[in-house]
Amino acid sequence: MQTDLTIEQKVQSVPTDLSKFDTGSYHPGASRLKVLVWYFINYYFFNSAFPWPYSIKSRLLRLFGASVGKGLVIKTKVRIKNPWRLVIGDHCWIGESVWIDNLEDVSIGDHVCISQGALLLTGNHDYKKSDFPYRLGKISIESGAWIGAQTTVCPGVVCRTHAILTVGAVATKELEAWTIYAGNPAEAVRKRVISQ
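Note that the structure is a prediction, hence the values are computed from the model and not measured.

### Here we look at the nonpolar core
Argument step 1. Counting 42 residues, the largest nonpolar core has Leu-61, Ile-80, Ile-108, Ile-114, Leu-120, Ile-141 and Leu-165 as the members making the most contacts within it.
Argument step 2. Mapped onto this core, the elements with two or more residues apiece are α2 (32-46), α3 (54-63), β4 (86-88), β7 (106-108), β12 (139-141) and β17 (170-171).
Argument step 3. At 3 residues, the largest contribution of residues to this core is made by α2.
Argument step 4. Leaving out residues up to four positions away in the same chain, Leu-61 has contacts with Trp-38, Phe-46, Ala-66, Val-68, Leu-72, Ile-74, Ile-80, Pro-83 and Ile-88.

### Structural notes on the environment of Lys-20
Argument step 1. Tracing the sequence through the fold places Lys-20 in the loop between α1 (7-12) and α2.
Argument step 2. Judged by relative accessible area, which is 53%, Lys-20 ranks as exposed.
Argument step 3. Taking the C-alpha atoms as reference points, Lys-20 and Leu-86, separated by 66 residues in sequence, lie 30 Å from one another.

### Looking at unusual backbone geometry
Argument step 1. At the junction of Asn-184 and Pro-185, the peptide bond is cis and its omega measures out at -5° in the coordinates.
Argument step 2. Within the secondary structure, Pro-185 is located in the loop between β18 (179-182) and β19 (187-191).
Argument step 3. With a phi close to 60°, Phe-132 is a non-glycine residue in the positive phi region.
Argument step 4. The backbone of Gln-150 sits at a positive phi, close to 60°, despite the residue not being glycine.

### Considering the pairing of β19
Argument step 1. Relative to β19, β18 is paired through 4 bridges, and the arrangement is antiparallel. What sits directly across from Ala-182, in β19, is Glu-187.
Argument step 2. A loop of 4 residues connects β18 with β19, the two strands running antiparallel in sequence, and Gly-183 in this loop sits at a positive phi of about 100°.

### Re the packing of α2 against α3
Argument step 1. Taken N-terminus to C-terminus, the directions of α2 and α3 make an angle of 170°; their axes are 11 Å apart at the nearest point. Between α2 and α3, the crossing angle belongs to the class labelled roughly antiparallel. Of α3, the residues touching α2 (which contributes Trp-38, Ile-41, Phe-45 and Phe-46) are Ile-56, Lys-57, Leu-60 and Leu-61.
Argument step 2. For the contact of α2 with α3, a count of residues per class yields 7 nonpolar, no polar and 1 charged.

### Regarding a nonpolar patch on the surface
Argument step 1. The grouping of Leu-33, Leu-36, Val-37, Tyr-39, Phe-40, Tyr-43 and Tyr-44 at the surface amounts to a nonpolar patch, some 770 Å² of accessible area in total.
Argument step 2. As for its position among the elements, Tyr-44 is in helix α2.

### Looking at α2
Argument step 1. Between its first and last C-alpha, α2 extends 20 Å over 15 residues, near the 21 Å set by a 1.5 Å rise per residue.
Argument step 2. Where α2 is concerned, the buried positions are Trp-38, Ile-41, Asn-42 and Phe-46. All buried residues of α2 fall inside an arc of 105° around its axis, so they share one side. For α2, the exposed residues set more than 90 degrees away from the buried face come down to Arg-32, Leu-33 and Tyr-39.
Argument step 3. Structurally, α2 contributes buried residues whose contacts are with α3, β2 (73-74) and β3 (79-80).

### Looking at the packing of aromatic side chains
Argument step 1. Counted under the stated rule, the structure contains 8 aromatic pairs.
Argument step 2. Ring centres of Phe-21 and Tyr-134 lie 5.4 Å apart, and the angle between their planes is 75°; on these two criteria the pair is classed as edge-to-face. You can see Phe-21 sitting in the loop between α1 and α2 and its partner Tyr-134 sitting in strand β11 (residues 134-136), a full 113 residues away along the chain.
Argument step 3. Exposure remark for Phe-21: the relative accessible area of 29% places this residue in the partly exposed category.
Argument step 4. Residue Tyr-134 is classed as partly exposed on the basis of its relative accessible area of 28%.
Argument step 5. An aromatic cluster is defined as three or more aromatic residues linked by ring pairs; in this entry it consists of Phe-21, Tyr-26 and Tyr-134.
Argument step 6. Residue placement shows Arg-79 over the ring face of Trp-99; its charged tip is 3.9 Å from the ring centre.

Cut-offs and rules
- Residues numbered from 1 in each chain as written.
- Predicted model: local features only at pLDDT ≥ 70, side-chain atom pairs only at ≥ 80, totals over all residues.
- Heavy atoms only, no water.
- Core = buried A, V, L, I, M, F, W, Y, C linked by side-chain atoms within 4.5 Å.
- Buried < 20%, exposed > 50% of the residue type's maximum accessible area, 1.4 Å probe, protein only.
- Helix = DSSP H or I, 4+ residues; strand = E, 2+ residues; numbered from the N terminus.
- Contact = heavy atoms within 4.5 Å.
- Pairing = 2+ DSSP bridges.
- Axes fitted to C-alpha atoms, helices over the stretch in contact; angles between N-to-C directions.
- Parallel < 35°, antiparallel > 145°, perpendicular 65-115°, else oblique.
- Nonpolar A, V, L, I, M, F, W, Y, C, P; charged D, E, K, R; others polar.
- Patch = residues over 30% accessible without salt bridge, like charges linked within 9 Å, V, L, I, M, F, W, Y side chains within 5 Å.
- Areas by Shrake-Rupley, 256 points an atom, 1.4 Å probe, with all protein chains shown as cover.
- Salt bridge = Lys/Arg side-chain N within 4 Å of Asp/Glu carboxyl O.
- Expected span 1.5 Å × (residues − 1).
- Arc of directions from axis to C-beta.
- Phe/Tyr/Trp six-rings, centres within 6.5 Å; stacked < 30°, edge-to-face > 60°.
- Lys NZ or Arg CZ within 6 Å of the ring centre and 35° of its normal.

Rendered as structure tokens:
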């Protein structure tokens, strides 16, 4: 006797097939040559343990299309996917081993601190489709925000002015201004107050 499959069984009957994955209409926003040259610049100047001067790194980012304000502090072992999709304001700090995985645009305001090991992740995959296509979203980190060490900012997230994402937290939705967030997923824990 044949029985009808439940909805859960029907859904589970279509397996993921990564052999069908392709980037679809996605384009990195630069020529293949520019992407290739950037790969080597990124490897030798940014994702390097050698402490290249911040001014050299700022000039290289601008050369490859990033908008970079004055006073950028950018430490060692930083990875940046596509500098032409990056805007950085004045007097920002980017700590050791930060990964800006910007398949989409990333905008960083003035006086923003992105601490060591943070991941700004503009892309993931649509798990509802068997070929696992890209799902992308821009990230905006407004002025005065602090993205703590070993945190993750997910695609499409806006971190409003002076928000804080504490150590190890994962931002999956908008962070409200002047608010401190913790946990996975990050939740508001209290207001940020700055005294003189």
